[in-house]
Amino acid sequence: MHFFGYRGSNFYAEGVPVQKIIKECGTPVYIYSSKTLKRHYEAYGAAFAKVPHLICYSIKANSNIAVLKTFANEGSGFDIVSGGELFRALKAGAEPKKIVFSGVGKRDDEIEFALKKGILMFNVESPEELAAINRIARRLRKKAAIAIRVNPDVDPKTHPYISTGLKKNKFGIETAQALKEYINAKNNLRNLTPIGVDCHIGSQITKIEPFIDALAKTRELLKTLRSEGIDIQYLDMGGGLGITYDTEAPPHPSKYGEAVIDGTRGLGVTLIFEPGRSMVGNAGILATKVLYTKKGSEKNFIIVDAAMNDLARPSLYGSYHAIKAVKESHGEEITADVVGPICESGDFLAKDRILPSVKSGDCLAVMSAGAYGFSMSSNYNARPRAAEVMVDGREFHVVRERESLADLIRGERLVPEGRRRRK
Ligand code: LLP
């Protein structure tokens, strides 16, 4: 069941014509399907129903509070990487005891915020961070529950920018050193309680094997820790399951679930997962309007009103996003680059794409844009960020207003005239 698709020649998000949303909200606009969000959460829930588990949706993929609230209502926990994400999670009604805090560079104020809110655990990425959390917890007279993120040195065979579990990556602590750090934490860092082992090897992973390789390594560590008297209750497998953008065929969460359940049999742990992309990627599209078309001797261009500031993935990783006409036509086709108005040649949404030969004023839907779309958007070229809309059946709601020109300079100030330093 797909919640985005054509009915006749009109493209729909659930029961709402995308054209209707565009008419009311303008373009560019992100459109999310709440039924798809729920279905993805349920797919993970069903995959792990047989074992104790906690799904902690990874907020960085899409941090709109309406998206977070949809997951919180389903019982989801959250994976955060900043104080800002913790703030968002709490605004959306997240239960602190279902929050894990990941990331290589947590600041003191962020650690303090999370400790005061009583999150489930910190996924710690360096010995210095362990010491920092211990110091802050002592000052607050608290105990901080921690897991160490181990770097299992596994190649997830994905884009280098989103591989994270190799020795050359900045993430985690190598397995052998992690063991020493756990023992040090147990013996010397009085305000820490090691309760978990954590591992995240990368993103947009389309095979099961890298997960299983990583699991084999973390499982060994977990057993060793238990034999050292460290009471590990949680095994956090991170996120990373890929989605279909084009022709990729990633495993369904149920297949991933079978393999993980198999690999963790008898361990007696609660499994934690931090899926981001697979929860929201295919639950969102970016609708945009064609401004101009132009034909060159080498290339045709479709210039649209969405740009790399709205969806950075094609420019940043060369990612593929399918593009569909909001009003289907069976006429002529052209091969064109779909580009934005930004003054950089890297500003494109698609290259050499075969599309219906659209004209100025027609609208396009950039597919699979729910993950790392709006959340990575910026104001580059002083472009107000897009609106976000949540569709639910035949209804839709604006869940983030389009930014105004005034929003662009919010917080900016001129230097007071009289105080300028004289040269
Ligand atoms: N947990 C940790 C510790 C992570 O670093 C990430 C993603 C996730 C969970 C969620 O991974 P997912 O299930 O979404 O693969 N901007 C890139 C993706 C960056 C992923 C960063 N970490 C993109 O647009 O492809």
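All of these numbers come straight from a predicted model, not from anything done at the bench. (Residues numbered from 1 in each chain as written. Predicted model: local features only at pLDDT ≥ 70, side-chain atom pairs only at ≥ 80, totals over all residues. Heavy atoms only, no water.)

A.B. asks: Could you clarify how one ought to interpret the overall build of the protein chain in this entry?
C.D. replies: Helix and strand counts for the protein chain stand at twelve helices and 21 strands. By the compact-globule yardstick of 22 Å for 423 residues, the protein chain fits well, its C-alpha radius of gyration being 23 Å. Projected onto the principal axes, the alpha-carbon positions of the protein chain cover approximately 70 × 65 × 40 Å. For the protein chain, with 423 residues in total, the buried portion stands at 54%. Of the roughly 19,700 Å² that the protein chain leaves accessible, carbon and sulfur atoms contribute 50%. For the protein chain, the centre of its 61 positive side-chain charges and the centre of its 49 negative side-chain charges are spaced 5 Å apart. (Helix = DSSP H or I, 4+ residues; strand = E, 2+ residues; numbered from the N terminus. Rg over C-alpha atoms; globule rule 2.2 N^0.38 Å. Buried < 20%, exposed > 50% of the residue type's maximum accessible area, 1.4 Å probe, protein only. Areas by Shrake-Rupley, 256 points an atom, 1.4 Å probe, with all protein chains shown as cover. Lys, Arg positive; Asp, Glu negative; His and termini not counted. Charge placed at Lys NZ, Arg CZ, Asp CG, Glu CD.)

A.B. asks: Quick question: what am I supposed to make of the side chain of N64 here?
C.D. replies: Here N64 shows up in the loop between strand 5 (53–58) and helix 3 (65–74). Judged by relative accessible area, N64 falls into the buried class, the value being 6%. The contact partners of N64, leaving out residues within four places of it in the chain, are R88, E388, V399 and R400. (Contact = heavy atoms within 4.5 Å.)

A.B. asks: Quick question: what am I supposed to make of the site of the ligand here?
C.D. replies: The immediate surroundings of the ligand are formed by 19 residues, with S203, E274, R313, Y317 and Y372 found nearest. Separating an oxygen atom of the ligand from a side-chain N or O atom of R313 is a distance of 2.6 Å. Coverage of the ligand by the protein chains reaches 92% of its 590 Å² of free accessible surface. Taken together, the residues that form the shell around the ligand break down as five nonpolar, eight polar and six charged. (Near = heavy atom within 4 Å. Polar contact = N/O pair within 3.5 Å; in protein donor to acceptor, adjacent residues only side chain to side chain. Nonpolar A, V, L, I, M, F, W, Y, C, P; charged D, E, K, R; others polar.)

A.B. asks: For this particular structure, what's the right way to read the pairing of strand 11 (residues 192–198)?
C.D. replies: For a regular strand, the rule is simple: side chains alternate between the two faces of the sheet. In terms of residue burial, strand 11 counts as a mostly covered element, since six of its seven residues are buried. Relative to strand 12 (residues 234–236), strand 11 is paired through three bridges, and the arrangement is parallel. Across the sheet, residue V197 finds its bridge partner in strand 12, namely L235. Taken together, strand 11, helix 8 (residues 209–227) and strand 12 form a β-α-β motif whose crossover is right-handed. (Pairing = 2+ DSSP bridges. Right-handed = clockwise from strand over helix to strand, strands pointing away.)

A.B. asks: Teacher, can you tell me more about the domain arrangement of the protein chain here?
C.D. replies: Note: interface size is frequently given as the accessible area lost on complex formation between the parts. Domain parsing of the protein chain yields domain 1 (4–31 + 281–408) and domain 2 (103–273). Computed over C-alpha atoms, the centres of domain 1 and domain 2 are 36 Å apart. At the interface, ten residues of domain 1 touch eight residues of domain 2. For the domain 1 and domain 2 pair, buried surface summed over both sides reaches about 760 Å², with 56% attributable to carbon and sulfur atoms. Across the domain 1-domain 2 interface, the total number found is zero salt bridges. The interface formed by domain 1 and domain 2 contains one residue pair in polar contact (both at pLDDT 80 or more). Broken down by class, the residue content of the side of domain 1 that touches domain 2 amounts to five nonpolar, four polar and one charged. (Domains from an automatic or database assignment. Buried area = accessible area lost by both parts, 1.4 Å probe. Salt bridge = Lys/Arg side-chain N within 4 Å of Asp/Glu carboxyl O.)

A.B. asks: Quick question: what am I supposed to make of the packing of helix 4 (residues 83–91) against helix 5 (residues 108–117) here?
C.D. replies: Closest axis-to-axis distance for the helix 4/helix 5 pair is 9 Å, and the angle between their directions is 30°. On the basis of their axis angle, the class for helix 4 and helix 5 is roughly parallel. Where helix 4 approaches helix 5, its residues G83, L86, F87 and L90 are matched on the opposing element by E110, F113, A114 and K117. Its residues assigned to classes, the contact of helix 4 with helix 5 shows five nonpolar, one polar and two charged. (Axes fitted to C-alpha atoms, helices over the stretch in contact; angles between N-to-C directions. Parallel < 35°, antiparallel > 145°, perpendicular 65-115°, else oblique.)

A.B. asks: For this particular structure, what's the right way to read the nonpolar core?
C.D. replies: The nonpolar side chains of a soluble globular protein tend to be buried, and buried together. Counting 95 residues, the largest nonpolar core has Y57, F122, Y256 and I302 as the members making the most contacts within it. Broken down by element, the residue count for this core peaks at six residues, all from helix 8. Of the domains in this structure, domain 1 (4–31 + 281–408) and domain 2 (103–273) are the two that each give at least three residues to this core. Beyond its immediate sequence surroundings of up to four residues, Y256 is in contact with Y44, F48, I208, F211, M237, L241 and F273. By size, the runner-up hydrophobic cluster in this structure holds 21 residues, among which are I22, V326, C363 and V391. (Core = buried A, V, L, I, M, F, W, Y, C linked by side-chain atoms within 4.5 Å.)

A.B. asks: What am I meant to see in the packing of helix 5 against helix 6 (residues 127–139) here?
C.D. replies: Axis angle and axis distance: for two packed helices, these are the angle between their axes and the distance between the axes, and together they describe the pair. Where helix 5 meets helix 6, the closest approach of the two axes is 10 Å, and the angle between their N-to-C directions is 55°. It follows that helix 5 is oblique to helix 6 by the angle criterion. Remark: the crossing between helix 5 and helix 6 carries right-handed chirality. Seen from helix 5, the contacting residues are D108, I111, E112 and L115; seen from helix 6, they are A132, I133, R135, I136, A137 and R139. (Left-handed = near helix turned anticlockwise from the far one by under 90°.)

A.B. asks: Explain helix 8 to me, please; I cannot follow it from the model alone.
C.D. replies: An α-helix turns once per 3.6 residues; consequently, residues spaced three or four apart project the same way. Across its 19 residues, helix 8 extends 27 Å between first and last C-alpha, which sits within 8% of the 27 Å expected from 1.5 Å per residue. Of all the residues in helix 8, the buried ones are P210, F211, A214, L215, T218, L221, L222 and L225. End-on view of helix 8: buried residues confined to an arc of 135°, all on one side of the axis. On its buried face, helix 8 is in contact with strand 9 (144–151), helix 7 (175–188), strand 11, strand 12 and helix 9 (253–263). (Expected span 1.5 Å × (residues − 1). Arc of directions from axis to C-beta.)

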